[in-house]
Amino acid sequence: MAGDARSDQRVEPLLDGSDVGVAIVCARFNDLVTLRLLEGARRGLRTAGVPDANVSVAWVPGAFELPLAAKAHAEQGADAVVCLGAVIRGETTHYDLVAGESARGIQRVQLETGVPVMFGVLTTEDLAQALARSEGPGEHNVGEECGLGAVEMVGLLRALKARMD
């Protein structure tokens, strides 16, 4: 609430992924980058306590196909889905179409299914920017952030549901 002193304080999420099932959907296009994002996502999920056995990985051709695979996983019982891709600007408007529709589709999946779907699609001007956002352990990796965010969102939704019950 506005004016509430508690709202001004940073609250760290409680990350308990011990009973969370996560699907990772990863684009093959720009796999130099997406493989790094995938390793980051796995690292984030392990940090949050998600057992490796509770993580599945599916590959799709590119970022445009991420929403359909994410929806299939969400409808088949995944607690969360992490979408990983890399759209790097080129000389045509293809970049704008793929980046925008991928983002729109991923958002739509989570709103339609009620399952958290994390947007780990890099949209960068060049390969150097994409590599900088997919670094190894201890560095900036959007995939790792998405793994942690997936567990956080599952916990939040479960807590909200428990309040309603």
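Located above this text is the structure these notes cover.
Here goes a summary of the coordinates provided. All of these numbers come straight from a predicted model, not from anything done at the bench. (Residues numbered from 1 in each chain as written. Predicted model: local features only at pLDDT ≥ 70, side-chain atom pairs only at ≥ 80, totals over all residues. Heavy atoms only, no water.)

Observations regarding the layout of surface pockets
Move 1: By volume, the largest pocket is sized at about 240 Å³.
Move 2: As for the largest pocket, its lining consists of 14 residues, and the residues nearest its centre are Phe29, Asn30, Val87, His94 and Val98.
Move 3: Elements represented by at least two residues in the lining of the largest pocket include exactly β3 (80-88) and α3 (94-113).
Move 4: Among the residues making up the lining of the largest pocket, the classes are represented as 8 nonpolar, 5 polar and 1 charged. (1 Å grid on protein atoms, 1.4 Å probe; cavity = no way out; pocket = protein on both sides within 12 Å on 5 of 7 lines; lining within 4 Å. Points joined across faces, edges and corners; volume = space filled by probe spheres on them. Helix = DSSP H or I, 4+ residues; strand = E, 2+ residues; numbered from the N terminus. Nonpolar A, V, L, I, M, F, W, Y, C, P; charged D, E, K, R; others polar.)

Details of the environment of leucine 156
Move 1: With respect to the helices and strands, leucine 156 occurs in helix α5 (residues 142-164).
Move 2: The exposure class assigned to leucine 156 is partly exposed, which follows from its relative accessible area of 41%.
Move 3: Expressed as a C-alpha distance, the spacing of leucine 156 and leucine 15, which sit 141 residues apart in the sequence, is 9.8 Å. (Buried < 20%, exposed > 50% of the residue type's maximum accessible area, 1.4 Å probe, protein only.)

Some words on the nonpolar core
Move 1: Val22, Ile24, Leu45, Val82 and Leu84 are the most contacted members of the largest nonpolar core, which has 24 residues in total.
Move 2: Taken together, the elements giving at least two residues each to this core come down to β1 (22-27), α1 (31-47), β3, β4 (117-124) and α5.
Move 3: Leaving out residues up to four positions away in the same chain, isoleucine 24 has contacts with Leu38, Ala41, Arg42, Leu45, Val55, Ser56, Val57, Ala58, Val82 and Leu84.
Move 4: Of all hydrophobic cores here, the second largest spans 21 residues; its members include Val25, Leu66, Val81 and Ile106. (Core = buried A, V, L, I, M, F, W, Y, C linked by side-chain atoms within 4.5 Å. Contact = heavy atoms within 4.5 Å.)

Points about empty space enclosed by the protein
Move 1: Scanning all chains against the criterion turns up 1 cavity of 30 Å³ or more.
Move 2: Of the pockets and cavities examined, the largest cavity occupies roughly 30 Å³.
Move 3: Around the largest cavity, the lining residues are Arg42, Leu45, Arg46, Asp52 and Val55.
Move 4: Per-element tally for the lining of the largest cavity: the top contributor is α1, with 3 residues.
Move 5: A class-by-class count of the residues in the lining of the largest cavity yields 2 nonpolar, no polar and 3 charged.

Let's talk about helix α2 (residues 66-75)
Move 1: Listed in full, the buried residues belonging to α2 are Leu66, Pro67, Ala69, Ala70 and Ala74. The buried residues of α2 occupy an angular sector of 165° when the element is viewed end-on, so they sit on one face. Exposed side of α2, more than 90 degrees from the buried face: Leu68 and Glu75 are the residues found there.
Move 2: Where α2 is buried, its residues meet β1, β2 (55-60), β3, α3 and β4.
Move 3: Glycine 77 occupies a position one or two residues after α2 and carries a positive phi of about 105°. (Arc of directions from axis to C-beta.)

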